Amino acid sequence: MTSNKQAKSAMDKFKMEVASEIGVPLKEGYNGHLTSAQAGSIGGEMVRKMIKRQEEQMSGNN
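Throughout, a residue's number is its position along its own chain's written sequence, starting from 1. Whole-chain, interface and lining totals are the exception, using all residues; otherwise, since this is a predicted model, local features are given only for residues with pLDDT of at least 70 and side-chain atom pairs are given and counted only at 80 or more. Calculated side-chain values reflect all of the structure's heavy atoms, with hydrogen atoms and water omitted.

Colleague: How do you make sense of the nonpolar core when you look at a structure like this?
Modeller: It is characteristic of soluble globular proteins that their nonpolar side chains tend to be buried jointly. Core analysis: the biggest nonpolar cluster contains eight residues, these being Phe14, Val18, Ala19, Val24, Leu26, Leu34, Ile42 and Met46. Every helix listed is a DSSP run of H or I at least four residues long, and every strand listed is a run of E at least two residues long, numbered separately from the N terminus. Looking at this core, the elements with two or more residues in it are α1 (2-22) and α2 (36-59). Those residues in contact with Met46 that sit more than four places away from it in its chain are Met11, Phe14, Lys15 and Val18. Only buried residues count toward a nonpolar core, which is a set of Ala, Val, Leu, Ile, Met, Phe, Trp, Tyr and Cys residues joined through side-chain atoms within 4.5 Å. Accessible area is worked out with a 1.4 Å probe on protein chains only. A residue is then buried under 20% of its type maximum, exposed over 50%, and partly exposed in between. Here a residue-residue contact requires only that any non-hydrogen atoms of the pair lie within 4.5 Å.

Colleague: Mind showing me how you'd approach the side chain of Asn31 here?
Modeller: The topology assignment puts Asn31 in the loop between α1 and α2. In this structure the side chain of Asn31 is engaged in a polar contact, spanning 2.9 Å, whose partner is the backbone oxygen of Gly29. Ignoring any residue separated from it by four or fewer positions in sequence, one finds Asn31 in contact with Pro25 and Leu26. In protein, a polar contact means a hydrogen-donor-capable atom and an acceptor-capable atom, both N or O and within 3.5 Å, with residues adjacent in sequence counting only if both atoms are side-chain atoms; elsewhere, any N or O pair within 3.5 Å suffices.

Colleague: Mind showing me how you'd approach a nonpolar patch on the surface here?
Modeller: Residues enter patches when they are more than 30% accessible in relative terms and free of salt bridges; like-charged ones are connected within 9 Å and nonpolar ones (Val, Leu, Ile, Met, Phe, Trp, Tyr) within 5 Å. Under the convention used here, a 1.4 Å probe and the Shrake-Rupley method define accessible areas, while residue burial counts only the protein chains that appear. Here, a salt bridge means any side-chain nitrogen of Lys or Arg that lies within 4 Å of a carboxyl oxygen of Asp or Glu. On the surface, Met11, Val47, Met50 and Ile51 cluster together into a nonpolar patch covering about 320 Å² of accessible area. When residues in the nonpolar patch are grouped by element, the largest group, three residues, is from α2. By the secondary structure assignment, Met11 is in helix α1. Residue Met11 is classed as partly exposed on the basis of its relative accessible area, which comes to 36%.

Colleague: Please explain the pattern of salt bridges as it appears in this structure.
Modeller: Any two side chains of opposite charge can pair if their charged atoms end up close together. The full count for this structure, using the stated rule, is four salt bridges. One salt bridge connects Glu21 with Lys49, and the closest N-O pair in it is separated by 2.9 Å. Placement of the pair is Glu21 in helix α1 and Lys49 in helix α2, with a sequence separation of 28 residues. Of the residues examined, Glu21 reaches a relative accessible area of 53% and is grouped as exposed. With relative accessibility at 26%, the residue Lys49 sits in the partly exposed group. As a salt-bridge pair, Arg48 and Glu45 come within 3.1 Å of each other at their nearest N and O atoms. Separated by three residues within a single helix, Arg48 and Glu45 lie in helix α2, roughly one turn from each other. Classification of Arg48 as exposed rests on a relative accessible area of 53%.

Colleague: I tried to follow the environment of Gly23 on my own but got confused; where do I start?
Modeller: Mapped onto the fold, Gly23 is located in the loop between α1 and α2. Residues Gly23 and Thr35 lie 12 residues apart in sequence; the distance between their C-alpha atoms is 13 Å.

What follows is the structure, encoded as structure tokens:
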């Protein structure tokens, strides 16, 4: 179970970093104040970054 907690913690940290980078006022806990566009932009940017990292790993450019 520890690995699940670690994975969730890492993903939460990543989400907060992405939100900060794109200027979305994300806070810990409930974020009902966010618009759908803001919430979607966080998820979209997270996916873009994950894809980019995976492509870099696959090409050997760590």
